[in-house]
Amino acid sequence: MRKINRRSRGRSYDTELQRCRPEAAPVEFGDYHPLKPIMVTDTKTRRGARKGSTSSSSSSSSSAPADPLSSMLDGTDPLSMFASEAPTMSHSASTGDLGRKRREKEEEAVGQDFEPWSSKRGEILARFTTTEKLSINLFMGSDKGKAPSPGSAVSEKVRTRLEELDDLEEGSQRELLNLSQQDYANRIEELNQSLKEAWASDQKVKALKIVIQCSKLLSDTSVIQFYPSKFVLITDILDTFGRLVYDRIWTMCSDPRPLPESFTVDDVNDTAKETCLNWFFKIASIRELLPRLYVEAAILKCNRFLNKSGIQETLPRLTAMIRGIGDPLVAAYTRAYLCRVGMEVAPQLKDSLNRNFFDLLGTFRQISGESVQNQLVLQRVEVPEYLTLYSPAINWILQCIAYRAPEPLLTEMMERCKKLGNNSALLLNSVMRAFRPEFVAARATDFIGMIKDCDEAGFPKHLLFGSLGRSLACADPPESERLTILNEAWKVVTKVRSPQDYINCAEIWVEFTCRHFTKREVNTVLADIIKHMTPDRAFEDAYPQLQSVIRKILTYFHDFSVLFAMERFLPFLDMFQKDSVRVEVCRSIMEVFIKHQVEPTRDPVILNAMLHICKTMHDSVNALTLEDEKRSLALLIIGFIRMVSFGRDFEQQLSFCVEARATFCNLEPVLVQLIHTVNQLAMETSRVMRGSHSRKTAAFVRACAAYSFITIPSLSSIFSRLSLYLLSGQVALANQCLSQADAFLKAAVSILPEVPRSISVEGKLRSSESFLLDFINNFLATLLVVPDHPEHGVLYLVRGLLNMVQDYTWEDNSDAKVRVYISALPLLAAMSQETYLYSIPKVDSNETLYGGDPKFLSEINKLCETLIGQILDHLKTLGRDEQSTRRQGALAFSLFGVLLAHGDLRNNKLSQLAVNLWNLSHKHGYCETRVSVRTLEYMKHQALQPDMSHLTDTVQRLALQSRT
């Protein structure tokens, strides 16, 4: 290895800083400014324009870029442009789109504030279930539904259709027995698909047969608990049929031009009218009342094609026909379907809705009749359970009536409930659920009086109070009545014996209590819930309701000092004994705490409770826990740690961190945060003491350093350990803890060999070289201010680091080691200066310890020469391989830059080495010409300085070369 006499040039950092500062230049307000908007001005041709001008009447600067947002101002819409360029749609496609848009517009006629039937469908199917076996009776006629020959007369076609309907009524019967609930739903769905397929294949009579068969199933109450769900499934088929018929007639009216949205009977052609009338005649020929009612209601909307007042005349007739249905449950759901169709096609016709409701009230006396009672005995169904079967139907009818209804009508409904007697509870429940919450809340005391008068045997009072509580959760009753309402309601709720019924009702009233009362009342409610749900571990079957209670409390109580001051809150949390549920509850509490706790806290009540909650989340972590789950839990705990502050009581803060370290030892991100917190605590202590520690504070910051030194080795991530060792060493140095800083930096150097060659980043393996180089560069920058240990010799940390780099197993064909050597040269150059570039207050760096001692400078120069020799040997090795010439050029240029910035080029050998490196970097033409030109310009500029004139000769020896 050739020996290079390397000597760093002396530098005055203050003088260099002054040179680098840009000269201040005055800027007039009229000058161009890059942050000013570009103004594009149009110049119109004027009468006074000079003669012979050929400029256009409007021009703008070509350099001004077009603003993509400005096109919005001229009214051009890119979507509209695409639409205008699109080819004309086919007639069938346009008709389909018009039909879809028409349906959407008609659905919106009711208003967004009206809850649609589709939102209730899933709830009914989930609520009304059965384990009994079900059956489907299908009346299958003979195959006479084939299309007649083209030559048959119209009268023959009509006679054939009528025969088919007769055959439907008198055909063979097929009964599907022993179906489970899921099998039944699947069979009904198959019938729905068969209906669509028959319609698509132009077998209209077959489609009608399917609808009639399904409608007849609604007269079967043999499994009465399932009837509401059966109603939902079968009315889906009726809705499909009604939509198909209406769309077919609409399509017939849309030829040759589409029918307008608000069409009249005069706009409908004769063919469409005849087809529509034919459908009504077919339905009128159905012998049985129930299918005839349902199918005609399904196509009620088609009356628009026949008569202006057709719907208005048909609704009262169908309402009256329902009176002929003997079973009160079947009649109630038939009325619900008629009201549903009526709201879709004519929501303004309220008289029909009211008539249906009053007729429904008249059928209530049948419930206590012999026929219904015998049926309940036969099916072993209790009266309260039977009455709940009416709820979906009555709720829907009342919802339709109450929609935008005047106050007098709603008051009349209440009076009807009072006069109904024993069965008023069922109706009262529906009234409270269907009427506007504001209406119910304003009359809450009246409703409580009506609930008291109801018969407990007919309909449980706790269900009534539950419905009342739902309304009061959405609207506020008069303030003077709130306490009375709560007391009256809780008297009934607390007497409910069934834990499930109790918690279903109590959960509703918790929101009312939290919304209008203080922690005292909420604490009383929680105590009562614990009392009811603890016996026989009833809480294990009510976790969803108990979670809902917690969510409602957290919604209204954001002051956690108040929340945890409730005696029963933590015992309430103890009821969540299922691990997954308990962690979920703790997570929800932490999320609210982090969101709403604005100021840091030191409240011992909050800290103890939150530590308990965080420990619960931490203890749920095991070997099977996913990394995302661990990360999520760690972030919540970190959020809590950041909100803990004991002010100037730093020792208490450190004690908290010690306790937290023992509590959260399994979550590495939390330990990392604790180390950062302790380091921040040490720096805050230094700030308070203004850098001059007393004996007490000096001992405290050493304790902080000891905390970090003990905690860091427990981390599994090698890069976390490296960065924290370095950071903690810097903090220790800033607090004049020299021995502790020394220990941190030595520990960092000692674990460098443990760094793996590849690491996982976002699930992908990546080389660790870039991370390691970043760390080493940061480490080298810190070593400038670290004084040498008196027992370990000159530059022992620098030598230790370079030895570790030398022994580290780098990747094949890697230049990382040489890049570290190149990065170390500026550090050594900075160490040889009389005054260092930066220093730490009250810490004597090597500039003070050695004071420019020649032996110290000699050691630095020897180390520089060794590093340069290692670099040059590596460059020679790269030169033997033609494929490594690019890497050789890059490294040579990097070393040239270091020598230029930090070396004393007045030394002839060093100057010659710089020239050789320049030529080597440009030898194969891989060096960027732009960078080279700027480097030469910099050198020429520097040569103008009195102490840098020797660069002039060096610049003349440097030549630009390009690849040929």
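Please read these numbers as outputs of a predicted model, since none were measured by experiment. (Residues numbered from 1 in each chain as written. Predicted model: local features only at pLDDT ≥ 70, side-chain atom pairs only at ≥ 80, totals over all residues. Heavy atoms only, no water.)

### Looking at helix α35 (residues 738–750)
Then, in step 1: Look at α35: 18 Å from first C-alpha to last across 13 residues, which is about the 18 Å you get at 1.5 Å a residue.
Then, in step 2: Buried within α35 we find Ala741, Asp742, Phe744, Leu745, Ala747, Ala748 and Val749.
Then, in step 3: Among the structural elements, α33 (695–711), α34 (718–734), α36 (769–783) and α37 (796–807) are those in contact with the buried residues of α35. (Helix = DSSP H or I, 4+ residues; strand = E, 2+ residues; numbered from the N terminus. Expected span 1.5 Å × (residues − 1). Buried < 20%, exposed > 50% of the residue type's maximum accessible area, 1.4 Å probe, protein only. Contact = heavy atoms within 4.5 Å.)

### Description of empty space enclosed by the protein
Then, in step 1: As enumerated under the stated definition, the model contains six cavities of 30 Å³ or more in all.
Then, in step 2: One number sums up the size of the largest cavity: a volume of about 60 Å³.
Then, in step 3: Considering the residues around the largest cavity, the lining is formed by Val678, Asn679, Ala682, Val701, Cys704, Ala705, Ser728, Val731, Ala732, Asn735 and Cys737.
Then, in step 4: For the lining of the largest cavity, the secondary structure elements donating two or more residues are α32 (668–688), α33 and α34. (1 Å grid on protein atoms, 1.4 Å probe; cavity = no way out; pocket = protein on both sides within 12 Å on 5 of 7 lines; lining within 4 Å. Points joined across faces, edges and corners; volume = space filled by probe spheres on them.)

### Section: the nonpolar core
Proteins that are soluble and globular tend to have nonpolar side chains buried together.
Then, in step 1: With 303 residues, the main nonpolar core has Phe305, Trp509, Ile529 and Phe640 as its most contacted residues.
Then, in step 2: Per element, the largest residue contribution to this core is 13 residues, and it comes from helix α8 (residues 227–253).
Then, in step 3: Beyond its immediate chain neighbours, meaning those up to four positions away, Phe640 contacts Met590, Phe593, Ile594, Leu607, Met610, Leu611, Cys614 and Phe656. (Core = buried A, V, L, I, M, F, W, Y, C linked by side-chain atoms within 4.5 Å.)

### Description of the packing of aromatic side chains
Then, in step 1: Tallied over the entire structure, the rule returns 38 aromatic pairs.
Then, in step 2: Between Phe114 and Tyr403 the ring centres are 5.0 Å apart and the planes differ by 75°, which places this aromatic pair in the edge-to-face class. On the criterion of sequence distance, the pair formed by Phe114 in the loop between α3 (91–107) and α4 (118–127) and Tyr403 in the loop between α16 (391–402) and α17 (407–419) is long-range, its members being 289 residues apart. For the pair formed by Phe114 and Tyr403, the shared burial category is buried.
Then, in step 3: Look at Trp490 and Tyr502: their rings are 6.4 Å apart centre to centre, the planes differ by 75°, and that puts the pair in the edge-to-face class. One end of the pair, Trp490, is in helix α22 (residues 482–493); the other, Tyr502, is in helix α23 (residues 499–516), and 12 residues separate them in sequence. The exposure classification of Trp490 matches that of Tyr502, with both residues buried. (Phe/Tyr/Trp six-rings, centres within 6.5 Å; stacked < 30°, edge-to-face > 60°.)

### Some points on the side chain of Thr663
Then, in step 1: Its place among the elements puts Thr663 in helix α31 (residues 650–663).
Then, in step 2: Given a relative accessible area of 16%, Thr663 falls into the buried group.
Then, in step 3: A polar contact is formed between the side chain of Thr663 and the backbone oxygen of Glu659, at a distance of 2.8 Å.
Then, in step 4: Non-local contacts of Thr663, meaning those with residues more than four positions away in its chain, are made with Lys615 and His618. (Polar contact = N/O pair within 3.5 Å; in protein donor to acceptor, adjacent residues only side chain to side chain.)

### Concerning the side chain of Thr697
Then, in step 1: Mapped onto the elements, Thr697 comes out in helix α33.
Then, in step 2: At 2.8 Å, the side chain of Thr697 forms a polar contact with the backbone nitrogen of Ser694.
Then, in step 3: When near neighbours in sequence (up to four residues on either side) are disregarded, Thr697 contacts Thr685 and Met689.

### Brief notes about unusual backbone geometry
Then, in step 1: Look at Arg537: it is not a glycine, yet its phi comes out positive at around 50°.
Then, in step 2: Turning to its location among the elements, Arg537 is positioned in the loop between α24 (519–533) and α25 (543–556).
Then, in step 3: Since its relative accessible area comes to 39%, Arg537 is described here as partly exposed.
Then, in step 4: Although it is not a glycine, Gln736 adopts a positive phi angle of roughly 60°.
Then, in step 5: Relative to the assigned elements, Gln736 resides in the loop between α34 and α35.

### Concerning the environment of Ser119
Then, in step 1: On the secondary structure map, Ser119 appears in helix α4.
Then, in step 2: Judged by relative accessible area, Ser119 falls into the partly exposed class, the value being 37%.
Then, in step 3: At 3.2 Å, the side chain of Ser119 forms a polar contact with the side chain of Glu115.
Then, in step 4: In this structure the side chain of Ser119 is engaged in a polar contact, spanning 2.7 Å, whose partner is the backbone oxygen of Pro116.

### Concerning the packing of α37 against helix α38 (residues 816–831)
Angle between the axes and distance between the axes: these two values describe a pair of packed helices.
Then, in step 1: For the pair α37 and α38, interaxial distance at closest approach is 11 Å and the crossing angle is 170°. Viewed along their axes, α37 and α38 adopt a mutual orientation that is roughly antiparallel. The segment α37 lies against α38, with Val798, Leu802, Val805 and Gln806 engaging Lys817, Val820, Tyr821, Ala824, Leu827, Leu828 and Met831. (Axes fitted to C-alpha atoms, helices over the stretch in contact; angles between N-to-C directions. Parallel < 35°, antiparallel > 145°, perpendicular 65-115°, else oblique.)

### A short note on the packing of α23 against α24
Then, in step 1: Between α23 and α24, whose axes approach to 11 Å, the crossing angle comes to 170°. Taken as axis vectors, α23 and α24 run roughly antiparallel relative to one another. Of the residues in α24, those in contact with Pro499, Tyr502, Ile503, Ala506, Val510, Thr513 and Cys514 of α23 are Glu521, Val522, Val525, Asp528, Ile529, His532 and Met533.
Then, in step 2: Within the contact of α23 with α24, the residues separate by chemical class into 10 nonpolar, two polar and two charged. (Nonpolar A, V, L, I, M, F, W, Y, C, P; charged D, E, K, R; others polar.)

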